[in-house]
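Tertiary structure, described
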Amino acid sequence: MADISLRNVSKRFKSVAAVDGLSLEIADGEFTVLLGPTGAGKTTTLRIVAGLEQPDQGEVWIDGRNARGLEPASRDVTFVFQQYSLYPHLSVFDNLAFPLRSPARRVAEPEIKRRVEEIASLLRIAHKLTNKSTQLSGGEMQRVAIGRALVRRPSVYLMDEPLSSLDAKLRGDLRLELKRIQQDLGATILYVTHDQIEAMTMANRIGVIDKGRLIQVGSPRQIYEDPDSVYVAQRFGQPQINLLPAGLLPNGALPRGAVTVGARTEHLELRKDKGGRALVEWVEHLGDQNHLHLRLGEHAITTLTPPDTPFKSGDQVAVGLAKPLYFDAQGQRLRSA
Ligand SMILES: Nc1ncnc2c1ncn2[C@@H]1O[C@H](COP(=O)(O)OP(=O)(O)O)[C@@H](O)[C@H]1O
Ligand SMILES: [Mg+2]
């Protein structure tokens, strides 16, 4: 395995700054997730690390070596693409074995068999090895595509939204499996996605990226609990963080310059109160929990409540704040005294 270092990397396509001065260190054995919306520069960043794209500026170091001038094949990285493509005429076994059979690698057949069976079992597709790849479900096909990347034992794995084409149940299963496999192999993974749940559940560290720029890097917990800006705060948490004018709700002293209060469920204290200023508009039942939709004058507030919530629509509620987040007029976080 190996570490990756991106040093002030930029890449333009005509007028678009796809990647803009991006610096990021990924330690050996670390699972790093870049989270950002479509067009944020995620795929371009991966392609630069893989050597499929040359940066206009900056450097990529892999395993302590400057990768400049190194062909993709010499970089010892493997890429799982968003759109997986298997060889339809080959069996699952032969699809998995394919990267090991390239003439450059010259892996002996018994070793190929051993590694294919090991990876198939990790991915729980060992019983499908003789199937043609067309005789698989979507989830199984994607497992084979991931398996083809894992079987080679490269220094670095690059994964471009590999779960985005799957249904919710399979995404959940494969999230867990990818994390387990990464830990078993001690793999260094750079994984990009627009899905906050994938980032929160799999990453050792998350980098939030927008318009080619890295906005904040930290552990999932740091990024969730201690965001630097409204932008980052809004990327995490379901329901989305409530943004309210400072002073709307009773609170102690505000930090100087506070314009916006960010309140997630854990920052709100609700109490049924006939004189309360907020009104329960509706309770959205999700089974294991509820979304409680409140109205306070012109402001909407949404929080989570347990399934046995005492609140129902029409209730008047008193709303208090407990250590919420504060932001200035530019949306930057104010860490209060
Ligand atoms: N080959 C290309 N030619 C022109 N523009 C591109 C090319 N690749 C990416 N872009 C542009 O660069 C920006 C970042 O794209 P991309 O890295 O694919 O983002 P993401 O993967 O986060 O959706 C987008 O505005 C995209 O349209
Ligand atoms: Mg992309």
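These numbers were taken from a predicted model, which means no experiment stands behind them.

**Remarks on the domain arrangement of the chain**
In terms of domain boundaries, the chain breaks down into domain 1 (4-230) and domain 2 (238-334). Taking only C-alpha atoms, the centre of domain 1 and the centre of domain 2 are 38 Å apart. Each side of the interface is counted separately: domain 1 has eight residues, and domain 2 has nine residues. Taken over both partners, the interface formed by domain 1 and domain 2 buries close to 760 Å², and the fraction arising from carbon and sulfur atoms is 49%. Ranking the residues of domain 1 by area buried against domain 2 places Tyr224, Pro227 and Val230 at the top, with a combined share of 60%. Across the domain 1-domain 2 interface, the total number found is one salt bridge. Applying the counting criterion to the domain 1 and domain 2 interface returns six residue pairs in polar contact (both at pLDDT 80 or more). Grouping the constituent residues of the side of domain 1 that touches domain 2 by class yields three nonpolar, two polar and three charged.

**Observations regarding helix α3 (residues 109-122)**
For α3, with 14 residues, the first-to-last C-alpha span of 20 Å sits near the 20 Å given by 1.5 Å per residue. Within α3 the residues assigned to the buried category are Ile112, Arg115, Val116, Ile119, Ala120 and Leu122. Looking straight down α3, one finds its buried side chains confined to an arc of 155°; they lie on one side. Close packing links the buried residues of α3 with α2 (92-97), α4 (138-150) and α5 (168-185).

**Some remarks on the site of ligand 1**
Taken together, the residues surrounding ligand 1 are Phe13, Val16, Ala18, Pro37, Thr38, Gly39, Ala40, Gly41, Lys42, Thr43 and Thr44. Contacts to ligand 1 include glycine 39, whose backbone N or O atom sits 2.6 Å from an oxygen atom. Contact between ligand 1 and alanine 40: an oxygen atom at 3.1 Å from a main-chain N or O atom of the residue. Contact with the protein chains hides 59% of the accessible area of ligand 1, taken as 560 Å² for the molecule alone. When residues of the shell around ligand 1 are traced back to their parent elements, those giving at least two are β2 (16-26) and α1 (42-50). The element contributing the most residues to the shell around ligand 1 is α1, with three residues. When the residues that make up the shell around ligand 1 are grouped by side-chain class, the tally is five nonpolar, five polar and one charged.

Definitions and cut-offs
- Residues numbered from 1 in each chain as written.
- Chains lettered and ligands numbered in written order.
- Predicted model: local features only at pLDDT ≥ 70, side-chain atom pairs only at ≥ 80, totals over all residues.
- Heavy atoms only, no water.
- Domains from an automatic or database assignment.
- Contact = heavy atoms within 4.5 Å.
- Buried area = accessible area lost by both parts, 1.4 Å probe.
- Salt bridge = Lys/Arg side-chain N within 4 Å of Asp/Glu carboxyl O.
- Polar contact = N/O pair within 3.5 Å; in protein donor to acceptor, adjacent residues only side chain to side chain.
- Nonpolar A, V, L, I, M, F, W, Y, C, P; charged D, E, K, R; others polar.
- Helix = DSSP H or I, 4+ residues; strand = E, 2+ residues; numbered from the N terminus.
- Expected span 1.5 Å × (residues − 1).
- Buried < 20%, exposed > 50% of the residue type's maximum accessible area, 1.4 Å probe, protein only.
- Arc of directions from axis to C-beta.
- Near = heavy atom within 4 Å.
- Areas by Shrake-Rupley, 256 points an atom, 1.4 Å probe, with all protein chains shown as cover.

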